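These are the residues of each chain, in order.
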Amino acid sequence: MFPANGTELQFNSGELVFRMGDRMKVCIAYMSYYGNGKMVAEEMASLLGDAGHQITMVQVRDGGRNDLPESDLLVVGTPIRMGKIVRKTRKFVKTLNGRRYALYVTHASDIDGNKFTPTEPANDLMTYMESRGNQCVSEPLFIQVQEMKGPLEEGWRQKVADFVSSLN
Ligand SMILES: Cc1cc2nc3c(=O)[nH]c(=O)nc-3n(C[C@H](O)[C@H](O)[C@H](O)COP(=O)(O)O)c2cc1C
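## Here we look at the overall build of the protein
Turning to step 1, where the next piece is worked out: In terms of regular secondary structure, the protein is built from four helices and nine strands.
Turning to step 2, where the next piece is worked out: Here the protein holds 168 residues, and the buried ones make up 29% of them.
Turning to step 3, where the next piece is worked out: Of the contacts formed within the protein by residues at least 6 apart in sequence, a portion of 71% connects residues at least 24 apart.

## What about the nonpolar core?
Turning to step 1, where the next piece is worked out: With 35 residues, the main nonpolar core has Ile28, Ala29, Met44, Val75, Leu103 and Tyr104 as its most contacted residues.
Turning to step 2, where the next piece is worked out: Breaking this core down by element, the ones donating at least two residues are strand S3 (25-30), helix H1 (36-50), strand S5 (73-81), helix H2 (87-93), strand S7 (100-107), helix H3 (119-131), strand S9 (141-144) and helix H4 (156-165).
Turning to step 3, where the next piece is worked out: Setting aside its immediate chain neighbours within four residues, Tyr104 contacts Val40, Val75, Gly77, Pro140, Leu141, Ile143 and Phe163.

## A look at the site of the ligand
Turning to step 1, where the next piece is worked out: Near the ligand there are 21 residues, and of these Ser32, Tyr34, Gly37, Thr106 and His107 occur at the shortest range.
Turning to step 2, where the next piece is worked out: For the shell around the ligand, the secondary-structure elements that each account for two or more residues are H1, S5 and S7.
Turning to step 3, where the next piece is worked out: When residues in the shell around the ligand are grouped by element, the largest group, three residues, is from S5.
Turning to step 4, where the next piece is worked out: Its residues placed into classes, the shell around the ligand shows ten nonpolar, nine polar and two charged.

## Details of the pairing of strand S4 (residues 54-59)
Turning to step 1, where the next piece is worked out: With six bridges joining them, S3 and S4 adopt parallel strand pairing. Looking at the pairing, Lys25 lines up with Gln54 of S4.
Turning to step 2, where the next piece is worked out: Handedness of the crossover joining S3 and S4 through H1 is recorded here as right-handed.

## Topic: the confidence of the model for the protein
Turning to step 1, where the next piece is worked out: Confidence along the protein averages 88 in pLDDT terms, with 85% of residues attaining 70 or more.
Turning to step 2, where the next piece is worked out: A low-confidence stretch, residues 6-20 (pLDDT under 50), is modelled with 20 contacts involving residues beyond four sequence positions or located in other chains.

## Quick word on the pairing of S3
Turning to step 1, where the next piece is worked out: For S3, a buried count of five out of six residues is recorded, marking the element as mostly surrounded by other parts of the structure.
Turning to step 2, where the next piece is worked out: Where S3 meets S5, five bridges bridge the pair, whose relative direction is parallel. If you follow Tyr30 over to S5, its bridge partner there is Gly77.

## Considerations on H4
Turning to step 1, where the next piece is worked out: Residues of H4 that are buried: Val160, Phe163 and Val164. Buried positions in H4, seen along its axis, are confined to an arc of 100° and lie on one side of it.
Turning to step 2, where the next piece is worked out: Lining the buried residues of H4 we find H1, S7 and S9.

What counts, and where the lines are drawn
Residues numbered from 1 in each chain as written. Predicted model: local features only at pLDDT ≥ 70, side-chain atom pairs only at ≥ 80, totals over all residues. Helix = DSSP H or I, 4+ residues; strand = E, 2+ residues; numbered from the N terminus. Buried ≥ 20, exposed ≤ 12 C-beta atoms within 10 Å, placed from the backbone. Contact = placed C-beta atoms within 7 Å. Core = buried A, V, L, I, M, F, W, Y, C linked by C-beta atoms within 7 Å. Near = placed C-beta within 6 Å. Nonpolar A, V, L, I, M, F, W, Y, C, P; charged D, E, K, R; others polar. Pairing = 2+ DSSP bridges. Right-handed = clockwise from strand over helix to strand, strands pointing away. pLDDT = per-residue confidence, 0-100. Arc of directions from axis to C-beta.

The following block contains the structure:
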């Protein structure tokens, strides 16, 4: 029998837990200079697509977008630079309101390192998003790059899978 909505499924690997929910329209809006955040977006799209959701990917551009598709969930992906969420993303989120969303951030600094760590700017962005009536549905995902231009940290695919399984 097919499981009811809301049922948790434990897959054989024992690692991936998916919640059976309604099929969602998911928009992944990502900013990526060197392609690392784009790889994260593509991995996410693949996993969400496999789970039966309908995915649209858009690149964040200067000045925001008026043509962002309707979605049940918006995933915003962005790098941090000079201790800040990059300007294009900060401009982009000014165009958003009333959205259910989740955030992922790519970064080079250690999470508990110095003033260039990603947590504070991510929190500031989420506070701003909330002030515009957007609702965050999950803890932010932080993915580290090993050098400024990448590659992504080891084990990043599992982190993405865990993040995806937390979205509903
Ligand atoms: C000019 C510059 C400044 C950066 N500043 C930071 C920083 O303050 N903190 C940090 O964790 N990473 C920093 N990084 C690393 C970026 O976060 C990293 O290049 C990015 O996440 C890679 O993702 P992308 O390939 O999708 O652009 C910086 C990178 C560049 C090129």
